[in-house]
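In case you want the letters, here they are:
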Amino acid sequence: LDLEARDLTTPSLLATTAHVLALPLVEDAMADPWLAALDEALGGLLERTRAEEEFSGKRGQSLLVHTHGKVGGSRVLLVGLGKGASVDEEAMRRFGGTVARVADKVRARRLAVVVPELGLDLERALAATAEGLTLGLYRFDRYLTQDRQELALEQAVLLAPGGGSQAHVLGGTRDLCRAVTLARDLVNEPASTLTPTRLSAAAREAAAAAGLSFEELGPRELAAEGMELLRAVSRASEEEPRLVRLAYTPAGPPLRKVALVGKGITFDAGGLDIKSAEGMADMKDDMAGAAAVLGALVGVAARRPQVAVTGYLACTENVVGARAYKPGDVLRSRAGLTVEVTNTDAEGRLVLADALSYAQDRDRPDELLDVATLTGACAVALGLHTAGLFTPHDDLAQSLCRAGEAVGEPCWRLPLTESLRESLKSPVADTRNTSTGRWGGAITAALFLQGFVKEGVRWAHLDVAGPAMTDKERDYLARGATGFGVRLLVRHLAG
Ligand code: BES
Ligand code: MN
Ligand code: ZN
């Protein structure tokens, strides 16, 4: 898709030869100058249709009107943004997503999108609209042989006041959307093709293209490092595990060092504590944390901030077999703590514990962030749109929540409840991998991870079990993987 930005003027609005000309409108503010300019050329058609269809600009409302050759464009699409006070970056992303959907439905080849002055920073508004548009066009259709439709859309022109000088913004948006698309594609790919070695190979390829350094630890290196937790989880698998390390190094001296760690369980059958059929259905998405970390590194590399960022993908399957690790096993973690396996389905925290330990010793990061589809309990608590955020550091929580809010990837902070820590005590090892009771499952998982964080390291844990996938399309998200975390992390690390 060819994206460009041009100046928004009455002549440019009337002359566009787009198949769809999209115009966002604020609720109950129908005295819009661009709507008026268009409507004058259309002899009042827009205003009449708008009144008849009771289009008032409510969020999500849209109206498509044929122009019958009275202006250059063949259809005008009015999209409601909601109340003026609620119009932010995310509203523009949703607008872009709606436009993408309608343009695709009518098989438009050329699209013009008005980005009017709405009290938002122009660059942010343009970027957000382009982002919603690009992400809204995403489909995972590589396996469709009958119903697959090539994208009809060839060109989208964003018309904004002073837009002609903002072309550079769209390059940044394209890079960011590529990073999100990469993460979505990997999560959507079935687990029998996206194995741990394939995930690692995909990371190698993406790293080469983005100018990131790449390293991988295979079975031998993992054994030499003493990563018994990660190795135990992978033992029943026919597939070799991998711990991938990616690194972005800024040109000058870094302002800070950040390490990201992603859960990369390419399929989670639960191990011997096997999941039900229903519980297993979507478990190809259990590497969404790793995909988000990879996407974030690719996105950061394109922005080049003064921050050193490393990314770790802890890749393995959690399946069943004669060699499977067993409930009751006692394992020695890389960090030295011993762990009683009380449930083989709590595998994410095991692989993350070893990866967190390695990341800290290897990089000595100031900040350590992990992203994981860690617990069903977190999705029960917060629903499918919001990630759980755990950190003892108020300022880090605030910074991550703000980044999430700005990019439309909401997080909600949950507590690291100190009194629940004793539920992880084991009589035979330093800790158990699941708590004794079933309550507070997202919290006890986070407490387990915290046990592997060293003094002085600013750590935060994002549980994305809910928002990693969506079962129905919404805004600029297609059904399936969302790429949740990529845009949040890039905003947090590179503004
Ligand atoms: N990958 C799952 C968590 C999950 C569940 C993600 C549902 C997305 C949707 C994780 O490995 C797991 O199985 N967690 C268990 C923990 C339990 C055994 C303490 C869970 O949430 O049931
Ligand atoms: Mn599990
Ligand atoms: Zn899992």
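Everything here concerns the structure above.
Nothing here was measured: the structure is a model prediction, and the numbers come from that model.

S.K.: Can you lay out the overall build of the protein chain for me, pointing to particular residues and giving the numbers?
M.R.: When its secondary structure is counted, the protein chain shows 16 helices and 19 strands. Its C-alpha radius of gyration of 24 Å places the protein chain within 12% of the 23 Å reference for a compact globule of 495 residues. Projecting the C-alpha coordinates of the protein chain onto the three principal axes gives extents of approximately 80 × 50 × 40 Å. Going through the 495 residues of the protein chain one by one, you find that 57% of them count as buried. Sequence-distant contacts in the protein chain: of pairs separated by 6 or more residues, those separated by 24 or more amount to 78%. Looking at the protein chain as shown, the accessible area adds up to about 20,100 Å², and 50% of this sits on carbon and sulfur atoms. On the protein chain, the mean spot of the 56 positive side-chain charges and the mean spot of the 65 negative ones are 2 Å from each other.

S.K.: Could you give me a rundown of the packing of helix α6 (residues 167-188) against helix α16 (residues 486-494), with the residues and numbers involved?
M.R.: Running from N to C, α6 and α16 point in directions that differ by 140 degrees, and their axes come no closer than 9 Å. Between α6 and α16, the crossing angle belongs to the class labelled oblique. Where α6 approaches α16, its residues Leu176, Ala179, Val180 and Ala183 are matched on the opposing element by Val486, Arg487 and Val490.

S.K.: Give a description of the site of ligand 1 that names residues and reports values.
M.R.: Near ligand 1 lie 15 residues; those nearest to it are Lys275, Asp286, Asp345, Glu347 and Gly376. Aspartate 268 places a side-chain nitrogen or oxygen 2.9 Å from an oxygen atom of ligand 1. Within the side chain of aspartate 286, a nitrogen or oxygen atom sits 2.8 Å from a nitrogen atom of ligand 1. Coverage of ligand 1 by the protein chains reaches 74% of its 510 Å² of free accessible surface. Considered class by class, the residues forming the shell around ligand 1 number 3 nonpolar, 5 polar and 7 charged.

S.K.: Report on the coordination of the manganese ion (ligand 2), specifying residues and quantitative values.
M.R.: For the manganese ion (ligand 2), the full set of protein donor atoms is Asp268 (OD), Asp345 (O), Asp345 (OD) and Glu347 (OE), at a range of 2.1 to 2.2 Å. Between the 6 donor atoms coordinating the manganese ion (ligand 2), the angles at the centre fall across 71 to 171 degrees, so the site counts as irregular. Here the donor residues of the manganese ion (ligand 2) are spaced in sequence according to D-x76-D-x1-E. Separation of the manganese ion (ligand 2) from the zinc ion (ligand 3) amounts to 3.1 Å, with aspartate 268 serving as a shared donor to the pair. A residue pair is termed long-range when its members are at least 10 positions apart, and aspartate 268 in strand β9 (residues 256-268) and glutamate 347 in the loop between β12 (338-340) and α12 (348-363) qualify at 79 residues. Since its relative accessible area comes to 3%, aspartate 268 is described here as buried. Glutamate 347 gets classed as buried once you look at its relative accessible area, which sits at 0%.

Cut-offs applied
Residues numbered from 1 in each chain as written. Chains lettered and ligands numbered in written order. Predicted model: local features only at pLDDT ≥ 70, side-chain atom pairs only at ≥ 80, totals over all residues. Heavy atoms only, no water. Helix = DSSP H or I, 4+ residues; strand = E, 2+ residues; numbered from the N terminus. Rg over C-alpha atoms; globule rule 2.2 N^0.38 Å. Buried < 20%, exposed > 50% of the residue type's maximum accessible area, 1.4 Å probe, protein only. Contact = heavy atoms within 4.5 Å. Areas by Shrake-Rupley, 256 points an atom, 1.4 Å probe, with all protein chains shown as cover. Lys, Arg positive; Asp, Glu negative; His and termini not counted. Charge placed at Lys NZ, Arg CZ, Asp CG, Glu CD. Axes fitted to C-alpha atoms, helices over the stretch in contact; angles between N-to-C directions. Parallel < 35°, antiparallel > 145°, perpendicular 65-115°, else oblique. Near = heavy atom within 4 Å. Polar contact = N/O pair within 3.5 Å; in protein donor to acceptor, adjacent residues only side chain to side chain. Nonpolar A, V, L, I, M, F, W, Y, C, P; charged D, E, K, R; others polar. Donors = N, O, S within 2.8 Å, 3.2 Å for Na, K, Ca; no water. Tetrahedral: all angles 85-135°; square planar, octahedral: opposite > 155°, others 65-115°.

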